[in-house]
Amino acid sequence: MRRLRRRLGEEHATRLQDLNVRCHVTAANNFLDWLTGEGLTLGTCTQTDLERWMAGSTVSYRDETGHFVRWSVQHRHAHGLTYGTVRWTGPLGTIDSEKRWADARRLLNDDTLPTPDRVTGLLLILYAQKITTISQLTVDDVHFDGDTVSITFGTSPVVLPAPLASLVRELVATRRGKAKIGTPEDVPWLFPGGHPGRPLTDNQIGIRLHKIGIRPKQDRSTALFTLATELPAAILARMLGVHIKVAVQWQQASAGDWAAYAADVSRRTRST
(Lines give C-alpha, C1' and ligand atoms only; values in the text may rest on other atoms or scores of the structure.)
Protein backbone atom coordinates (compact mmCIF):
# COMPACT_ATOMS: atom_id res chain seq x y z
CA MET A 1 0.00 0.00 0.00
CA ARG A 2 2.83 2.34 0.87
CA ARG A 3 4.48 1.65 -2.46
CA LEU A 4 1.23 2.35 -4.28
CA ARG A 5 0.82 5.71 -2.55
CA ARG A 6 4.42 6.59 -3.35
CA ARG A 7 3.93 5.65 -7.01
CA LEU A 8 0.69 7.63 -7.25
CA GLY A 9 2.41 10.62 -5.66
CA GLU A 10 5.27 10.41 -8.12
CA GLU A 11 2.84 10.18 -11.04
CA HIS A 12 0.92 13.21 -9.73
CA ALA A 13 4.15 15.20 -9.39
CA THR A 14 5.13 14.22 -12.91
CA ARG A 15 1.78 15.38 -14.28
CA LEU A 16 2.16 18.71 -12.50
CA GLN A 17 5.66 19.13 -13.90
CA ASP A 18 4.41 18.31 -17.40
CA LEU A 19 1.59 20.84 -17.02
CA ASN A 20 4.02 23.48 -15.78
CA VAL A 21 6.33 22.89 -18.74
CA ARG A 22 3.42 23.05 -21.20
CA CYS A 23 2.24 26.34 -19.69
CA HIS A 24 5.69 27.88 -19.99
CA VAL A 25 6.18 26.62 -23.54
CA THR A 26 2.73 27.88 -24.54
CA ALA A 27 3.42 31.27 -22.98
CA ALA A 28 6.73 31.61 -24.82
CA ASN A 29 5.18 30.48 -28.09
CA ASN A 30 2.24 32.89 -27.76
CA PHE A 31 4.52 35.82 -27.02
CA LEU A 32 6.84 34.97 -29.91
CA ASP A 33 3.83 34.69 -32.23
CA TRP A 34 2.67 38.13 -31.08
CA LEU A 35 6.11 39.59 -31.73
CA THR A 36 6.13 38.10 -35.22
CA GLY A 37 2.69 39.54 -35.94
CA GLU A 38 3.97 42.97 -34.88
CA GLY A 39 7.07 42.68 -37.07
CA LEU A 40 9.30 42.34 -34.01
CA THR A 41 11.81 39.89 -32.57
CA LEU A 42 13.10 39.37 -29.04
CA GLY A 43 16.14 41.42 -30.01
CA THR A 44 14.13 44.39 -31.31
CA CYS A 45 11.34 44.32 -28.72
CA THR A 46 11.43 47.43 -26.51
CA GLN A 47 9.95 48.00 -23.07
CA THR A 48 7.16 49.99 -24.74
CA ASP A 49 6.34 47.02 -26.97
CA LEU A 50 6.33 44.68 -23.99
CA GLU A 51 4.03 46.94 -22.00
CA ARG A 52 1.73 47.22 -25.02
CA TRP A 53 1.45 43.44 -24.99
CA MET A 54 0.95 43.41 -21.21
CA ALA A 55 -1.89 45.93 -21.49
CA GLY A 56 -3.88 43.64 -23.80
CA SER A 57 -7.16 42.37 -22.35
CA THR A 58 -6.88 38.89 -23.91
CA VAL A 59 -3.34 38.08 -22.77
CA SER A 60 -2.93 34.70 -21.05
CA TYR A 61 -0.10 33.07 -19.12
CA ARG A 62 1.18 36.42 -17.86
CA ASP A 63 3.39 35.00 -15.09
CA GLU A 64 4.86 32.34 -17.37
CA THR A 65 5.58 34.95 -20.02
CA GLY A 66 7.35 37.00 -17.36
CA HIS A 67 9.66 34.06 -16.67
CA PHE A 68 10.36 33.77 -20.40
CA VAL A 69 11.14 37.49 -20.75
CA ARG A 70 13.52 37.43 -17.78
CA TRP A 71 15.21 34.31 -19.15
CA SER A 72 15.59 36.01 -22.55
CA VAL A 73 17.23 39.07 -20.99
CA GLN A 74 19.51 36.91 -18.82
CA HIS A 75 20.70 35.00 -21.89
CA ARG A 76 20.98 38.20 -24.00
CA HIS A 77 18.28 37.25 -26.48
CA ALA A 78 16.45 40.42 -25.38
CA HIS A 79 17.78 43.69 -24.02
CA GLY A 80 16.55 46.29 -21.54
CA LEU A 81 13.24 44.54 -20.77
CA THR A 82 11.71 44.29 -17.32
CA TYR A 83 8.49 42.46 -16.58
CA GLY A 84 6.29 43.85 -13.86
CA THR A 85 2.61 44.28 -13.29
CA VAL A 86 0.66 46.51 -15.67
CA ARG A 87 -1.47 48.19 -13.05
CA TRP A 88 0.32 50.76 -10.94
CA THR A 89 -1.63 51.01 -7.68
CA GLY A 90 0.19 53.99 -6.29
CA PRO A 91 3.52 54.95 -4.74
CA LEU A 92 5.63 52.44 -2.84
CA GLY A 93 5.68 54.68 0.20
CA THR A 94 4.99 58.18 1.38
CA ILE A 95 5.27 60.74 -1.41
CA ASP A 96 8.14 63.02 -0.52
CA SER A 97 8.16 65.80 -3.09
CA GLU A 98 10.42 67.95 -0.93
CA LYS A 99 13.10 65.25 -0.96
CA ARG A 100 12.68 64.86 -4.71
CA TRP A 101 13.42 68.53 -5.37
CA ALA A 102 16.15 68.66 -2.72
CA ASP A 103 17.86 65.70 -4.40
CA ALA A 104 17.47 67.35 -7.80
CA ARG A 105 19.10 70.58 -6.58
CA ARG A 106 21.92 68.65 -4.95
CA LEU A 107 22.64 66.58 -8.07
CA LEU A 108 22.52 69.65 -10.30
CA ASN A 109 24.86 71.71 -8.14
CA ASP A 110 27.22 69.35 -6.29
CA ASP A 111 30.21 69.06 -8.61
CA THR A 112 32.03 66.80 -6.14
CA LEU A 113 29.78 63.94 -7.27
CA PRO A 114 30.71 61.94 -10.39
CA THR A 115 28.96 63.25 -13.48
CA PRO A 116 27.54 59.82 -14.48
CA ASP A 117 25.94 59.41 -11.04
CA ARG A 118 24.48 62.91 -11.16
CA VAL A 119 22.93 62.24 -14.58
CA THR A 120 21.53 58.81 -13.69
CA GLY A 121 20.01 60.20 -10.51
CA LEU A 122 18.43 63.13 -12.32
CA LEU A 123 16.99 60.93 -15.06
CA LEU A 124 15.38 58.79 -12.37
CA ILE A 125 13.98 61.45 -10.04
CA LEU A 126 12.97 63.98 -12.72
CA TYR A 127 11.81 61.67 -15.53
CA ALA A 128 10.93 58.50 -13.61
CA GLN A 129 13.24 56.38 -15.73
CA LYS A 130 13.93 52.83 -14.61
CA ILE A 131 17.50 51.77 -13.99
CA THR A 132 17.12 49.16 -16.75
CA THR A 133 16.24 51.90 -19.22
CA ILE A 134 19.03 54.21 -18.08
CA SER A 135 21.68 51.51 -18.39
CA GLN A 136 20.74 50.87 -22.03
CA LEU A 137 20.91 54.51 -23.16
CA THR A 138 23.42 55.24 -25.93
CA VAL A 139 24.86 58.45 -27.31
CA ASP A 140 22.46 58.09 -30.24
CA ASP A 141 19.60 58.69 -27.78
CA VAL A 142 21.03 62.15 -27.05
CA HIS A 143 20.43 64.92 -29.58
CA PHE A 144 22.23 68.27 -29.87
CA ASP A 145 20.73 71.22 -31.71
CA GLY A 146 22.74 74.34 -30.97
CA ASP A 147 22.28 75.08 -27.29
CA THR A 148 19.39 72.63 -27.01
CA VAL A 149 19.99 69.12 -25.70
CA SER A 150 17.27 66.48 -25.79
CA ILE A 151 17.11 62.79 -24.97
CA THR A 152 14.75 60.10 -26.20
CA PHE A 153 13.23 57.63 -23.76
CA GLY A 154 10.10 56.88 -25.76
CA THR A 155 8.81 58.13 -29.11
CA SER A 156 9.32 61.85 -28.53
CA PRO A 157 12.59 63.54 -27.50
CA VAL A 158 12.52 65.32 -24.15
CA VAL A 159 14.24 68.72 -24.09
CA LEU A 160 16.48 68.92 -21.02
CA PRO A 161 16.70 72.02 -18.83
CA ALA A 162 19.96 73.95 -19.05
CA PRO A 163 21.73 72.61 -15.93
CA LEU A 164 21.00 68.98 -16.82
CA ALA A 165 21.76 69.62 -20.48
CA SER A 166 25.25 70.80 -19.52
CA LEU A 167 25.83 67.67 -17.46
CA VAL A 168 24.73 65.45 -20.34
CA ARG A 169 27.04 67.32 -22.75
CA GLU A 170 29.91 66.74 -20.33
CA LEU A 171 28.99 63.07 -19.94
CA VAL A 172 28.89 62.44 -23.69
CA ALA A 173 32.29 64.08 -24.13
CA THR A 174 34.06 62.36 -21.23
CA ARG A 175 32.28 59.06 -20.65
CA ARG A 176 34.59 56.16 -19.99
CA GLY A 177 34.14 52.95 -18.06
CA LYS A 178 36.79 51.10 -16.10
CA ALA A 179 37.88 49.27 -19.25
CA LYS A 180 41.29 50.56 -20.29
CA ILE A 181 40.85 50.14 -24.03
CA GLY A 182 38.85 52.33 -26.34
CA THR A 183 38.10 56.03 -26.43
CA PRO A 184 34.82 57.85 -25.75
CA GLU A 185 34.22 57.97 -29.50
CA ASP A 186 34.40 54.17 -29.65
CA VAL A 187 31.89 53.60 -26.83
CA PRO A 188 28.20 53.70 -27.81
CA TRP A 189 26.87 53.56 -24.25
CA LEU A 190 26.04 56.69 -22.30
CA PHE A 191 27.11 54.83 -19.16
CA PRO A 192 29.92 52.44 -20.18
CA GLY A 193 30.84 49.67 -17.76
CA GLY A 194 33.98 47.90 -16.72
CA HIS A 195 33.98 45.43 -19.59
CA PRO A 196 34.84 46.61 -23.10
CA GLY A 197 31.74 47.20 -25.18
CA ARG A 198 29.34 46.74 -22.26
CA PRO A 199 27.32 49.31 -20.28
CA LEU A 200 27.14 49.58 -16.52
CA THR A 201 24.93 46.84 -15.15
CA ASP A 202 21.61 47.64 -13.48
CA ASN A 203 23.02 46.42 -10.17
CA GLN A 204 26.07 48.70 -10.43
CA ILE A 205 23.88 51.73 -11.16
CA GLY A 206 21.62 50.88 -8.23
CA ILE A 207 24.56 50.62 -5.84
CA ARG A 208 26.01 53.93 -7.03
CA LEU A 209 22.66 55.68 -6.63
CA HIS A 210 22.25 54.37 -3.08
CA LYS A 211 25.71 55.71 -2.23
CA ILE A 212 24.64 59.26 -3.17
CA GLY A 213 21.37 59.06 -1.27
CA ILE A 214 18.98 58.10 -4.07
CA ARG A 215 16.49 55.31 -3.33
CA PRO A 216 15.72 54.03 -6.84
CA LYS A 217 12.35 52.34 -6.22
CA GLN A 218 10.91 54.86 -3.79
CA ASP A 219 12.23 57.94 -5.58
CA ARG A 220 11.06 56.70 -8.99
CA SER A 221 7.66 55.99 -7.46
CA THR A 222 7.49 59.57 -6.20
CA ALA A 223 8.46 60.85 -9.65
CA LEU A 224 5.81 58.68 -11.33
CA PHE A 225 3.13 59.83 -8.92
CA THR A 226 4.02 63.49 -9.43
CA LEU A 227 4.28 63.29 -13.22
CA ALA A 228 1.04 61.32 -13.50
CA THR A 229 -0.69 64.05 -11.52
CA GLU A 230 0.72 66.89 -13.61
CA LEU A 231 0.76 65.55 -17.18
CA PRO A 232 -1.84 64.11 -19.57
CA ALA A 233 -1.47 60.40 -20.23
CA ALA A 234 -0.56 60.86 -23.92
CA ILE A 235 2.37 63.13 -23.09
CA LEU A 236 3.42 60.90 -20.20
CA ALA A 237 3.50 57.87 -22.52
CA ARG A 238 5.56 59.60 -25.21
CA MET A 239 7.94 61.15 -22.71
CA LEU A 240 8.59 58.12 -20.51
CA GLY A 241 8.42 55.50 -23.24
CA VAL A 242 5.48 53.53 -21.81
CA HIS A 243 2.26 52.36 -23.42
CA ILE A 244 -0.68 54.78 -23.30
CA LYS A 245 -2.83 52.31 -21.31
CA VAL A 246 -0.14 52.06 -18.66
CA ALA A 247 0.13 55.86 -18.47
CA VAL A 248 -3.65 56.12 -18.07
CA GLN A 249 -3.56 53.66 -15.18
CA TRP A 250 -0.80 55.64 -13.49
CA GLN A 251 -2.84 58.79 -13.91
CA GLN A 252 -5.95 57.18 -12.49
CA ALA A 253 -4.02 55.74 -9.54
CA SER A 254 -2.56 59.13 -8.71
CA ALA A 255 -6.01 60.77 -9.02
CA GLY A 256 -4.57 63.04 -11.68
CA ASP A 257 -7.47 64.57 -13.61
CA TRP A 258 -6.26 65.98 -16.93
CA ALA A 259 -9.62 67.57 -17.66
CA ALA A 260 -9.41 69.55 -14.43
CA TYR A 261 -5.80 70.42 -15.15
CA ALA A 262 -6.69 71.69 -18.64
CA ALA A 263 -9.56 73.74 -17.22
CA ASP A 264 -7.23 75.27 -14.64
CA VAL A 265 -4.71 76.19 -17.35
CA SER A 266 -7.53 77.70 -19.39
CA ARG A 267 -8.66 79.84 -16.46
CA ARG A 268 -5.10 81.02 -15.82
CA THR A 269 -4.68 81.89 -19.50
CA ARG A 270 -7.85 83.97 -19.53
CA SER A 271 -6.85 85.82 -16.36
CA THR A 272 -3.45 86.91 -17.70
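Residues numbered from 1 in each chain as written. Predicted model: local features only at pLDDT ≥ 70, side-chain atom pairs only at ≥ 80, totals over all residues. Heavy atoms only, no water.

Draft legend 1. View of the packing of aromatic side chains. By the definition in use, this model includes 4 aromatic pairs. Ring centres 6.2 Å apart and planes at 10° place the aromatic pair Phe31 and Trp34 in the stacked group. In this pair, Phe31 and Trp34 are both assigned in helix 1 (residues 2-37), 3 residues apart and thus about one turn of the helix distant. Consider the rings of Tyr127 and Phe153, whose centres lie 5.9 Å apart with planes at 40°: the pair is tilted. Taken together, the residues span a long stretch of sequence, with Tyr127 in helix 5 (residues 115-127) and Phe153 in the loop between strand 2 (148-152) and strand 3 (157-159) at a distance of 26 residues. There is no split in this pair, since Tyr127 and Phe153 are both buried. Pairwise contacts between aromatic rings join Phe31, Trp34 and Trp53 into one cluster. (Phe/Tyr/Trp six-rings, centres within 6.5 Å; stacked < 30°, edge-to-face > 60°. Helix = DSSP H or I, 4+ residues; strand = E, 2+ residues; numbered from the N terminus. Buried < 20%, exposed > 50% of the residue type's maximum accessible area, 1.4 Å probe, protein only.)

Draft legend 2. Geometry of the pattern of salt bridges. Scanning the entire structure with this criterion turns up 8 salt bridges. Of the charged contacts in the structure, one is a salt bridge between Glu38 and Arg52, with a shortest N-O distance of 2.9 Å. Of the two residues, Glu38 is situated in the loop between helix 1 and helix 2 (47-54) and Arg52 in helix 2; the sequence distance between them amounts to 14 residues. One salt bridge connects Lys99 with Asp103, and the closest N-O pair in it is separated by 2.4 Å. (Salt bridge = Lys/Arg side-chain N within 4 Å of Asp/Glu carboxyl O.)

Draft legend 3. Geometry of the environment of Leu224. If you trace the backbone, Leu224 turns up in helix 9 (residues 216-230). The exposure class of Leu224 is buried, given its relative accessible area of 3%. Taking the C-alpha atoms as reference points, Leu224 and Ala128, separated by 96 residues in sequence, lie 5.6 Å from one another.

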